[in-house]
Amino acid sequence: EVQLVESGGGLVQPGGSLRLSCAASGFPFSRYNMNWVRQAPGKGLEWVAGINSGGDITNYADSVKGRFTISRDNAQNTTYLQMNSLKADDTAVYYCNAKRLWRTYWGQGTQVTVSS
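Note that the structure is predicted; figures quoted are calculated from it, not measured.

### Details of the sheet that holds strand E8 (residues 78-83)
Then, number 1: With respect to topology, four strands assemble into an open sheet ordered E1-E3-E8-E7, the strand pairing being antiparallel. Strands with a single pairing partner mark the edges of an open sheet, and in this sheet they are strand E1 (3-7) and strand E7 (68-73). With direction set aside, neighbouring strand axes in the sheet form an average angle of 15°.

Below, the structure is given as C-alpha cells:
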C-alpha cells in the first residue's frame, strides 16, 4: 500500500520556523520526484517546492524562495521542508506528493498556522 505521511505542522509565530517531514512507503521512493504543495483557506493548490529523485536539483515558488528549503533522504524514504521566516500568508495545509511519469501519489496533509 502506497503511503505518504506528513508531520511537523503546527502553530508558530510570525518569523518562526517549522520543519515538515513526509515519510513514504509502498513504492520506490528514490525513483520519484518529490514536491510540497499547499492550500490556504479558501484558495486553490499552490506548488511550493520540488526536488528531483537524486536530490541534487531543487526548485521553489517565488513566494518561498530564500525562506524554505526542500531536501530528501533516500535511505530513510523521507522528504523534508524546512520553513524559516514564516509569515501569516504561509498559513495552509501542506501536502507532499511523489511524481514519476504518469503516477502521482499524495499525502493527507499537515496544517501550518502562522499567527501571533
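That covers the picture; the talk isn't over yet.
### Re the pattern of salt bridges
Then, number 1: Within the structure shown, the criterion is met by four salt bridges.
Then, number 2: With a closest N to O distance of 2.9 Å, Arg38 and Asp90 form a salt bridge. In this pair, Arg38 is assigned in strand E4 (residues 33-39) and Asp90 in the loop between E8 and strand E9 (92-100), connecting sequence segments 52 residues apart. As far as burial versus exposure is concerned, Arg38 and Asp90 are alike and both buried.
Then, number 3: A salt bridge links Lys65 to Asp62; its shortest N-O distance comes to 3.2 Å.

### Some thoughts on the environment of Gln3
Then, number 1: Tracing the backbone shows Gln3 in strand E1.
Then, number 2: Relative accessible area serves as the criterion here: at 38%, Gln3 is assigned to the partly exposed category.
Then, number 3: C-alpha separation for the pair Gln3 and Ser25, spaced 22 residues apart in sequence, amounts to 5.2 Å.

### With respect to the pairing of E1
Then, number 1: Residues Leu4 and Glu6 of E1 are buried on one face, while the alternating residues Gln3, Val5 and Ser7, pointing to the opposite face, are not.
Then, number 2: As paired elements, E1 and strand E3 (residues 18-25) share five bridges and run antiparallel to each other. Residue pairing in the sheet places Gln3 in a bridge with Ser25 of E3.

### Some details on the nonpolar core
Then, number 1: Core analysis: the largest hydrophobic core is formed by 30 residues, its most contacted members being Leu4, Trp36, Leu81, Met83 and Tyr94.
Then, number 2: Every element with two or more residues in this core is listed here: E3, E4, strand E5 (45-51), E7, E8, E9 and strand E11 (110-114).

### Notes on the state of the cysteines
Then, number 1: All chains considered together, the criterion is met by one disulfide.
Then, number 2: Across the disulfide, Cys22 is cross-linked to Cys96 (sulfur-sulfur distance 2.0 Å). Note on the Cys22 and Cys96 pair: the S-S dihedral is about 55°, so by sign convention the disulfide is right-handed. With Cys22 in strand E3 and Cys96 in strand E9, this pair connects stretches of sequence that are 74 residues apart.
Then, number 3: By relative accessible area, which is 0% here, Cys22 ends up buried.
Then, number 4: Here Cys96 falls in the buried class, since its relative accessible area comes to 0%.

Calculation rules
Residues numbered from 1 in each chain as written. Predicted model: local features only at pLDDT ≥ 70, side-chain atom pairs only at ≥ 80, totals over all residues. Heavy atoms only, no water. Pairing = 2+ DSSP bridges. Helix = DSSP H or I, 4+ residues; strand = E, 2+ residues; numbered from the N terminus. Axes fitted to C-alpha atoms, helices over the stretch in contact; angles between N-to-C directions. Salt bridge = Lys/Arg side-chain N within 4 Å of Asp/Glu carboxyl O. Buried < 20%, exposed > 50% of the residue type's maximum accessible area, 1.4 Å probe, protein only. Core = buried A, V, L, I, M, F, W, Y, C linked by side-chain atoms within 4.5 Å. Disulfide = S-S within 2.5 Å.

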